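Below, each chain spelled out in residue letters.
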Amino acid sequence: MSALVEFLRARLDEDEEAARNATEGPWFADHPEPKHWGDDPESALIVRGKVLCILDNQYGGSLCADHIVRHDPTRVLAEVAAKRGVIDLYEIASASPELDRDAWLVLTETLKLLALPSASHPDYDERWRP
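Since this is a predicted model, take the numbers as computed values, not measurements. Note that residues are indexed from 1 along each chain, following the sequence as it is written. This being a predicted model, a pLDDT of at least 70 is required before a residue's local features are given, and a value of 80 or more before pairs of side-chain atoms are given or counted; all residues contribute to the totals for chains, interfaces and linings. Processing note: side-chain calculations cover all non-hydrogen atoms of the structure and skip hydrogens and water entirely.

Visitor: Just checking my understanding: could you explain the overall build of the chain for this structure?
Guide: Along its length, the chain carries five helices and three strands. Here a helix means four or more residues in a row that DSSP labels H or I, a strand means two or more in a row labelled E, and each is numbered from the N terminus. For the chain, the sequential pattern of α-helices and β-strands runs α-α-β-β-β-α-α-α. We call a residue buried when its accessible area falls under 20% of the maximum for its residue type, exposed when it is over 50%, and partly exposed in between, using a 1.4 Å probe and counting protein chains only. Taking all 130 residues of the chain together, the buried fraction comes to 24%. The method behind every accessible area is Shrake-Rupley, applied with a 1.4 Å probe, and residues are considered shielded solely by the protein chains displayed. With an accessible surface of roughly 8,600 Å², the chain has 55% of that area assigned to carbon and sulfur atoms.

Visitor: Could you clarify how one ought to interpret the packing of helix 4 (residues 73-94) against helix 5 (residues 101-115) in this entry?
Guide: Pairs of packed helices are described in terms of their axes, by the angle between the two and the distance that separates them. Fitted lines through C-alpha atoms give the axes, limited to the stretch in contact for helices. The angle between two N-to-C directions lies from 0 to 180 degrees. Between helix 4 and helix 5, the shortest axis-to-axis distance is 10 Å and the interhelical angle comes to 150°. Classified by the interaxial angle, the pair formed by helix 4 and helix 5 is roughly antiparallel. In this structure, helix 4 crosses over helix 5, and the sense of that crossing is left-handed. Side by side, helix 4 and helix 5 meet where Lys83, Val86, Ile87, Tyr90, Ala93 and Ser94 of the first sit next to Trp104, Leu107, Thr108, Thr110, Leu111 and Leu114 of the second. To sort the angles, those under 35 degrees are grouped as roughly parallel, those over 145 as roughly antiparallel, those from 65 to 115 as roughly perpendicular, and the leftovers as oblique. By definition, any crossing whose near helix is turned counterclockwise from its far helix by less than a right angle is left-handed, and any crossing with a clockwise turn is right-handed. Contacts are residue-level and defined by heavy atoms, with any inter-residue pair within 4.5 Å sufficient.

Visitor: What's the story with helix 1 (residues 2-22) in this structure? I'm lost.
Guide: Every α-helical turn comprises 3.6 residues, leaving residues that sit three or four positions apart pointing alike. Across its 21 residues, helix 1 extends 30 Å between first and last C-alpha, which sits within 8% of the 30 Å expected from 1.5 Å per residue. Leu4, Val5, Phe7, Leu8, Arg11, Leu12 and Ala19 are the residues of helix 1 that are buried. Looking straight down helix 1, one finds its buried side chains confined to an arc of 160°; they lie on one side. In helix 1, those exposed residues whose orientation departs by more than 90 degrees from the buried face are Ser2, Glu6 and Glu17. In this structure, the buried residues of helix 1 make contact with helix 4 and helix 5. Each residue after the first adds 1.5 Å to the expected span of a helix. Comment: arc refers to directions from the helix axis out to C-beta atoms.

Function-wise, these values are silent; they only describe arrangement.
In structure tokens:
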């Protein structure tokens, strides 16, 4: 499982780097809250200085914007921290001589599930698929 743990940690490092990069620069500090742009308050959504989605209720653009706002860098960083915590717990528990077989299987499957969103990554090993 050490290869799976290394894979997960590498993907989390990538997610963290992308989220931190998204929060750097003057555009982030100048525009911390979502706002609308243009004459029509429903024309486009700007979050932290970036136009994220052209809003068009007829074609579901506002749903796109809602999704993007929910996955802002702050939330990504919190998810990275939580997933790292799960991996840390796995490593602590798996080092215990008292860990029974069922608990080992649950922990192993948990890590496999954490890796599943990255299954398209070239380093993903199909043997990890739950």
